[in-house]
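Descriptive analysis of the structure
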Amino acid sequence: MIRYVRLLAELLALNWRLRPLAAAGLVALCLAGVPTTPAMALALREALDGIVQRDPRAAATSAAVAAIAYAVGLYLRSLAYTLETMLGDRVGTLHIRRHIEEQLTRLDGLDHLERTDLLDRITVLRGAAWRLNHAPWQAVVAVCDALRLALLLALLAAVSPWLLLLLGFAAAPLWFEQRGQMSIADAETGTAEAFRLQRHLFNLATAAAGGKELRVSGAGPEIARRQREAWEAAVSGRFRARLRAAAWTVAGWTLFTGGFTAGLLLLIDRTARGEASAGDLVLAVTVAMTLRNAVQDTLFAVGHAMSGRILVEPLLWLRGYAASAGTTGGRTPPARLRTGITLDGVGYTYPGTDRPALDAVSCHLPAGTVVAVVGEYGSGKTTLVKLLTKLYRPDRGRIEVDGVALDDLVTAEWRARTSAAFQDFGRFHIRFGETVGIGDLSHVDDRGRIADAVHAADARVLVDRLPDGLDTQLGRPFDGVELSEGQWQRTALARASMRTDPLLFVLDEPTASLDAPSEHHIFQRYLVRARELAARTGAVTVIVSHRFSTVTGADRILVLHKGRLVEQGTHDELLAAGGRYADLYGMQATAYTRT
Amino acid sequence: MSRIRDRVALLVRLPWAGPGLLSALIGLTLLLSAVPAATAAAAGWLIDRLTGGDARNAVAPLAAYALVLLARHALVAVREPLSYLAEARIDGRHRAELSRLAASSPTIDALERSEIQALIRTARADPESFMDGTPGAGVLAQLDLIGRSVALIGASFVLAAYAWWSVPLLVAGAVALHQLRWHEGVQRRRVWRHVPNSTMRADMWSDALVSPAEGKEIRVFGLGEWAIDRIDRHLRTAYDPLWPMDRRILAATWRQLVTVLVPLGIVYVVVALDAARGGAPIAVAVAALVAGTGVFEAFDGAPQATINATTCIQAFTRLRTELADGRAVQRGRAASAGGPPTVRFEGVSFGYPGSASPVLDGLDLEVRPGELLAVVGVNGAGKSTLIKLLAGLYEPTAGRITADGVDIAELGPGAWRARLSVVFQDFVRYHLSAADNVALGNALAAPDMAAVVGAARDAGFDEVVSRLPAGWDTPLARARGGGVDLSGGQWQQVVLARALYAMRTGAQILVLDEPTAHLDVRTELDVFTRLAAHRGGASVILISHRLSTVRRADRVVLLSGGRVTEDGTHEELIAAGGAYATMFAIQARRFQHGFDDRLEEGELT
């Protein structure tokens, strides 16, 4: 709670720093609005007293003041609404969103993107920037509303201290309503799963990708039906909670009305005895009518400010996580690789699983060589690649680059000397030239370098066929060209070819979606490229593949099986050894040679 | 006037709340609308008795006043959950209709268009996305408006008892205030409507930041800061026009002040003067003062709910015309009694809208009953398009596709697709139970658990199921309670089971669109062995560029330049020495001779 209040204060300070005028204006508007309601009640009392005492001037003046108080209150609320929207757009959407995204990119690893429990919190945070800025302002509004409530009660007390007893009765609806709100909040959490399911099914039904399968299997109406079912399950739970909340509310206000009526009775008695004026009674009646709004506004604002807590917890977590899981190391990678990369007893287990994905892997990848990693599905090939690119940190053992622990290298600098094309490559819906160029940001607009990279990925024919060449927008959502799986893979390969001086070059299943002639071409080219890089920087090229045909030309082949390194050597050595490699190679080869 | 039509569009959805709930809500609203007038009257009565001298006479009006006060609290409290339920029912029906509409339009091309996806975003009415307008809120706002109008009439009676002219004066002010606020909302919407493209681009990058695929590359290539700057730029494009507009709105808000102050001030001052001079009884004066603000409160509804809901419903209406309603074709007749049909592509052409060159250009192809046909071709040769045409997801721009001589367009998509099963590369991962994930392979037939179990056994998925915490009832998504996430290979088994289930329940043609591109050797071999063993008499169309798999087909066709250029058994095509033979030779030779057998580029064409 204290952390939450501190964060609200920090967010207010951010508003103040970025938009001092608007922020100060909004606070002033909220504060200025506080006395308008009590002022109107007071003015009406004076007006009535004027009427009773047959004093037209006093009556008219007070009536005019009441009208002004009402109109000004309404005006201030309108201004505050607009101003808060403006701050939400400026500070929330632009700055807080940026802050969240910066925290996300500070994370070197991938855990937070691959573990559902972490991803859930990030999902909550994304798109919540506007609401995050709303929370502190609702807190300001809550404070002002509470002030207004206090003023109104003070007015009653001024009429008769007896009416102060009402304070106790006013607490009743506050407490009861709050009980009800809690039951509603519980129901929201309890039905969140049904709600998520209905959103998943809705998105499935309305997206084009799943739409193909839904049509062929005829599952569309069934999915629509289940979506509605999940919706109704969520709604009925939430409705019942609201009914309970309504019962609490009615109980609270019944108590209050009883107390208030007793108070009025007291006042009537005093009026009859001439100790109070009719104006006092009007004042009490006016206050009673506005009291409910005042109580509800206060609760509403408090509720809104508190609902920000749902967002604040993940934000605080993300900050802490980014700080602890952030970047490591202080050393710069060498300009040229001399000995190579060494793995010593490296192991890695995915969080939430009990079987290690990699276990006690020790090997040396000599500088200037092409190393192939082969193995079956789930043997740990991709995990190995992710460890080398520092996307994961090994749980056990260590990785050294020319004798320096990989952990000690500044992550950003090591990455700057790495290039990679992954199996699940990115599809960036930007212009074709950019999607390649971002492989080396310092040359993102360098047409020559981009053309070279396109050539390296054997994608020149593809570019020639695009309507605007390198300037073609990609992606159907942006009215661009939609590429096929294989064509997207080529963009990833071209992107990986932008950097010209990497120490580590990774190709993770680079041709899985390509046809035979393309696969062949690309492997030839990348083998040549690997030799060029080796000559320039002593780079190690790592090729991961389950197609054995593609790796026979490697200098060294690592065979992984269930996370362990079971064999290593050249193609000929491994064939001669007659082990696992020879077995799997034979299986693929007979698929071609058998008649 | 279109605004009236919009209001009507909202009002006709009122019955979606259900008759009982709707009558209860209307009753509550009417009772509530009587409250301001009743309060004013009771307060007037009370003051009258008090100033009349005998305070003991005030007990009855006091009781009346207390009763009105309590009624108001109770009515407001009870209306809240009922409004919620009505709103949720209306939104639920809206979303169900929208998803049914989107999921059952016969072809897929409309759904792939960006403007249709933008319309769906506008119409989706997700109540947890605060930018979305929901029809429920808009519809309820209309009910609220009706209640307020009744309240206004009540307040007017009280006022008219004092001076008739005060009624039009205050109502004119209230209407003007409402107009001013409405105008603000419309302005905001109008500026906002011009920016979805920029926000979509910003969202694309912010999605990339948290997607494992793009996220990896963003890290390796150090794109974080750069991507954030991009997001910033796109957002500024979207939001920059809003700031000056909001400043204009801010500067113009004084008009609201004047609109309220002038009529209310006049009425108040005149009432007070008149009453003080003895012209009006004090009770009437008090009632008039109380009722004066009531007129403005009657118009105090936020117009935003109505405006947002209208935008949402308009988008829905447009979608209904854009996505031809597939209600008629949802359910096809089950497969005909005979075996798989002969399928013929007769001079079929297809080009994507906006793309100059056609993907398929006068293609002729026959798929014979019961054969295992492999379709190969370089990337972009139109293999996937061919499948979409076969499944009726696109309509050919020229030519026709027939089944046993009948145009599949005449059969209707429902009847035709009942005979098909397609495994797409981007298959669907339902967040539903394991059993549902298999049985949704054919949703046209009633779920058949025996067939589900059989298909799973054939696909090798039964072993996985036996290890699931709740067996067949386990949801296949960690987002569900008690759910699990399957690995990529396990999902492949689910999809295979799904396809085999469809075959067991009447599908006669199975299409596999590169189902194993990411699988390793053993798994691929396993998939095909199982498929070959369990396909029964069905025709199978396999799309693959793994020629080691393709060669196991009965017949192979090569697509090139939008037509079939080679057609025959693997052996025949090899003997013919065409492009297929070259492709096969490249893949095979690498095994036979190692890496150094380079092929000159010219040989491939």
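Residues numbered from 1 in each chain as written. Chains lettered and ligands numbered in written order. Predicted model: local features only at pLDDT ≥ 70, side-chain atom pairs only at ≥ 80, totals over all residues. Heavy atoms only, no water.

1. Digging into unusual backbone geometry
Keep in mind that most residues, glycine aside, have a negative phi and that most peptide bonds are trans. Residue and element names in this part refer to chain A. Stated formally: To qualify as a helix, a DSSP run of H or I must reach at least 4 residues; to qualify as a strand, a run of E must reach at least 2; elements of each kind are numbered from the N terminus. With a 1.4 Å probe rolled over the protein chains alone, any residue whose accessible area is under 20% of its type maximum counts as buried; one over 50% counts as exposed, and the rest are partly exposed.
Phi is positive for Arg-54, close to 55 degrees, though the residue is something other than glycine. Structurally, Arg-54 can be placed in the loop between α3 (36-52) and α4 (56-106). You can call Arg-54 exposed: its relative accessible area is 52%.

2. A word on the packing of aromatic side chains
As a reminder, the rule being used: Pairs were defined over the aromatic rings of Phe, Tyr and Trp, the Trp ring being its six-membered one, requiring ring centres within 6.5 Å. Orientation was assigned from the angle between planes: stacked under 30 degrees, edge-to-face over 60, tilted for the rest. Criterion for a charge above a ring: Arg CZ or Lys NZ at most 6 Å from the ring centre, at most 35 degrees from the ring normal.
Applying the stated criterion across every chain yields a total of 19 aromatic pairs over all chains. Taken together, a centroid distance of 4.7 Å and an interplanar angle of 5 degrees make the contact between B:Phe350 and B:Tyr394 stacked. You can see B:Phe350 sitting in strand β1 (residues 343-350) and its partner B:Tyr394 sitting in the loop between α15 (383-390) and β4 (398-403), a full 44 residues away along the chain. For the pair formed by B:Phe350 and B:Tyr394, the shared burial category is buried. Ring centres 6.3 Å apart and planes at 40 degrees place the aromatic pair B:Phe427 and B:Trp491 in the tilted group. Here B:Phe427, found in the loop between β6 (420-423) and α18 (434-439), pairs with B:Trp491, found in helix α21 (residues 488-504); they are 64 residues apart in sequence, far enough to count as distant. By relative accessible area, B:Phe427 is classed as buried at 11%. Note on B:Trp491: relative accessible area 4%, which makes it buried. Over the aromatic face of B:Phe424 sits the side chain of A:Lys212, whose NZ or CZ is 5.2 Å from the ring centroid.

3. Let's talk about the side chain of A:Thr257
Rules: Any two residues having at least one pair of non-hydrogen atoms within 4.5 Å are treated as being in contact.
Following the sequence through the fold, A:Thr257 ends up in helix α11 (residues 220-272). The residues touching A:Thr257, leaving out its near neighbours within four places in the chain, are B:Ala66, B:Leu69, B:Leu70 and B:His73.

4. Quick word on the side chain of B:Thr134
All names here are of chain B. Inspection of the secondary structure assignment puts Thr-134 in the loop between α5 (114-123) and α6 (135-162). Judged by relative accessible area, which is 10%, Thr-134 ranks as buried. In this structure, Thr-134 is in contact with Asp-91, Ala-125, Pro-127 and Ala-309, ignoring residues within four places of it in sequence.

5. Quick word on the packing of helix α1 (residues 2-18) of chain A against helix α2 (residues 20-33) of chain A
Residues and elements named next belong to chain A. Under the convention used in this document: Only the stretch in contact is used when fitting a helix axis, every axis being a line fitted to C-alpha atoms; angles between N-to-C directions are given from 0 to 180 degrees. Each angle receives one of four descriptions, namely roughly parallel if under 35 degrees, roughly antiparallel if over 145, roughly perpendicular if within 65 to 115, and oblique otherwise. Only Asp, Glu, Lys and Arg are considered charged, only Ala, Val, Leu, Ile, Met, Phe, Trp, Tyr, Cys and Pro nonpolar, and every remaining residue, Gly among them, polar.
As a packed pair, α1 and α2 sit with axes 5 Å apart at the nearest point and diverge in direction by 125 degrees. Taken together, the axis directions place α1 and α2 in an arrangement best described as oblique. Here Asn-15, Trp-16, Arg-17 and Leu-18 of α1 come into contact with α2, specifically with Pro-20, Ala-23 and Ala-24. Taken together, the residues that form the contact of α1 with α2 break down as five nonpolar, one polar and one charged.

6. Things to note about the domain arrangement of chain A
The following threshold applies: Each domain's extent is set by a domain assignment, obtained either automatically or from a database.
Domain annotation for chain A reports domain 1 (1-159), domain 2 (341-417 + 501-593) and domain 3 (427-487). Of note, the centres of domain 1 of chain A and domain 3 of chain A, computed from C-alpha atoms alone, are 48 Å apart.

7. Regarding the interface of chain B and chain A
Short version of the rule: Here the quantity called buried area is the accessible surface, traced with a 1.4 Å probe, that two parts lose on coming together, added over both. Pairing of N or O atoms within 3.5 Å defines a polar contact, subject to two protein rules: one partner must be a possible hydrogen donor and the other a possible acceptor, and residues neighboring in sequence count only if both atoms are side-chain atoms.
Across the boundary between the two partners, chain B contributes 185 residues, which contact 182 residues of chain A. Each partner contributes to the roughly 16,500 Å² buried at the junction of chain B and chain A, and carbon and sulfur atoms together form 65% of this total. In this assembly, chain B and chain A are joined by 27 residue pairs in polar contact (both at pLDDT 80 or more). For the side of chain B that touches chain A, the leading source of residues is helix α4 (residues 59-104) of chain B, giving 28 residues. Counted by class, the side of chain B that touches chain A contains 98 nonpolar, 40 polar and 47 charged residues.

8. Description of the sheet that holds strand β9 (residues 555-560) of chain B
All names here are of chain B. Short version of the rule: DSSP bridges decide pairing: two strands pair if at least two such bridges lie between them.
One open sheet accounts for six strands, arranged β6-β7-β8-β3-β9-β10; its pairing is mixed. Each of the sheet's edge strands pairs with one partner strand only, and the pair in question is β6 and β10 (563-568). Between one strand and the next, the sheet's axes are offset by a mean angle of 20 degrees, whatever the strand orientation. Here strand β3 (residues 372-376) pairs with strand β8 (residues 539-543) via four bridges, running parallel.

9. Structural notes on the confidence of the model for chain B
Residue and element names in this part refer to chain B. Put simply, the rule is: Here pLDDT means the predictor's own confidence in every residue, given as a number from 0 to 100.
Per-residue confidence for chain B averages 82 on the pLDDT scale, and 89% of its residues sit at or above 70. Within chain B, the lowest mean pLDDT, 72, falls on helix α22 (residues 521-534), and the highest, 94, falls on α18. A low-confidence stretch, residues 327-335 (pLDDT under 50), is modelled with 16 contacts involving residues beyond four sequence positions or located in other chains. Contacts of residues 593-605 to residues separated by more than four positions or lying in other chains number 27 contacts, the stretch itself having pLDDT below 50.

10. Thoughts on the packing of α4(A) against helix α7 (residues 129-159) of chain A
Residue and element names in this part refer to chain A. The condition is simple: With the far helix as reference, a near helix turned anticlockwise by less than a right angle produces a left-handed crossing, and one turned clockwise produces a right-handed crossing.
Put simply, α4 and α7 touch, their axes get as near as 7 Å, and they point 125 degrees apart. What the angle tells us is that α4 and α7 run oblique. Classified by chirality, the crossing of α7 by α4 is right-handed. On α7, the residues that touch Glu-84, Thr-85, Leu-87, Gly-88, Asp-89, Val-91, Gly-92, Thr-93, Ile-96, Arg-97 and Ile-100 of α4 are Ala-129, Trp-130, Leu-132, Asn-133, His-134, Trp-137 and Gln-138. Broken down by class, the residue content of the contact of α4 with α7 amounts to eight nonpolar, seven polar and three charged.

11. Details of the sheet that holds strand β5 (residues 404-405) of chain A
All names here are of chain A. Here we have four strands laid out as an open sheet, ordered β2-β1-β4-β5, and antiparallel in their pairing. The strands lining the two open edges of the sheet, one partner per strand, are β2 (358-366) and β5. Summarising the sheet, strand β1 (residues 340-348) and β2 pair through six bridges and their orientation is antiparallel. Residue pairing for β2: Val-346 is matched across the bridge by Val-361. Where helix α13 (residues 381-388) meets the sheet, it contacts β1, β2 and β4 (396-401), and its direction lies at approximately 120 degrees from that of β1.

12. Regarding the nonpolar core
Which entries qualify depends on this criterion: Residues belong to a common nonpolar core when they are buried Ala, Val, Leu, Ile, Met, Phe, Trp, Tyr or Cys residues joined through side-chain atoms within 4.5 Å.
With 189 residues, the main nonpolar core has A:Ile341, A:Leu343 and A:Leu365 as its most contacted residues. For A:Leu365, the residues in contact, after removing those within four places along its chain, are A:Thr339, A:Gly340, A:Ile341, A:Leu343, A:Val371, A:Leu388, A:Val540, A:Val542 and A:Leu558.

13. Topic: α15(B)
An α-helix turns once every 3.6 residues. As a result, residues three or four positions apart point the same way. Burial runs high along α15(B): seven of the eight residues are buried. Listed as buried for α15(B) are B:Lys383, B:Thr385, B:Leu386, B:Ile387, B:Lys388, B:Leu389 and B:Leu390.

14. Digging into the environment of B:Asp232
Relative to the elements of secondary structure, B:Asp232 occurs in helix α10 (residues 224-239). Taking the relative accessible area as the measure of exposure, B:Asp232 reaches 12% and is therefore buried. Residues B:Asp232 and B:Leu119, 113 residues apart in the sequence, show an inter-C-alpha distance of 25 Å. With residues near it in sequence (within four places) discarded, B:Asp232 still touches A:Leu94 and A:Arg98. Among the polar contacts listed, one links the side chain of B:Asp232 to the side chain of A:Arg98, at a separation of 3.5 Å.

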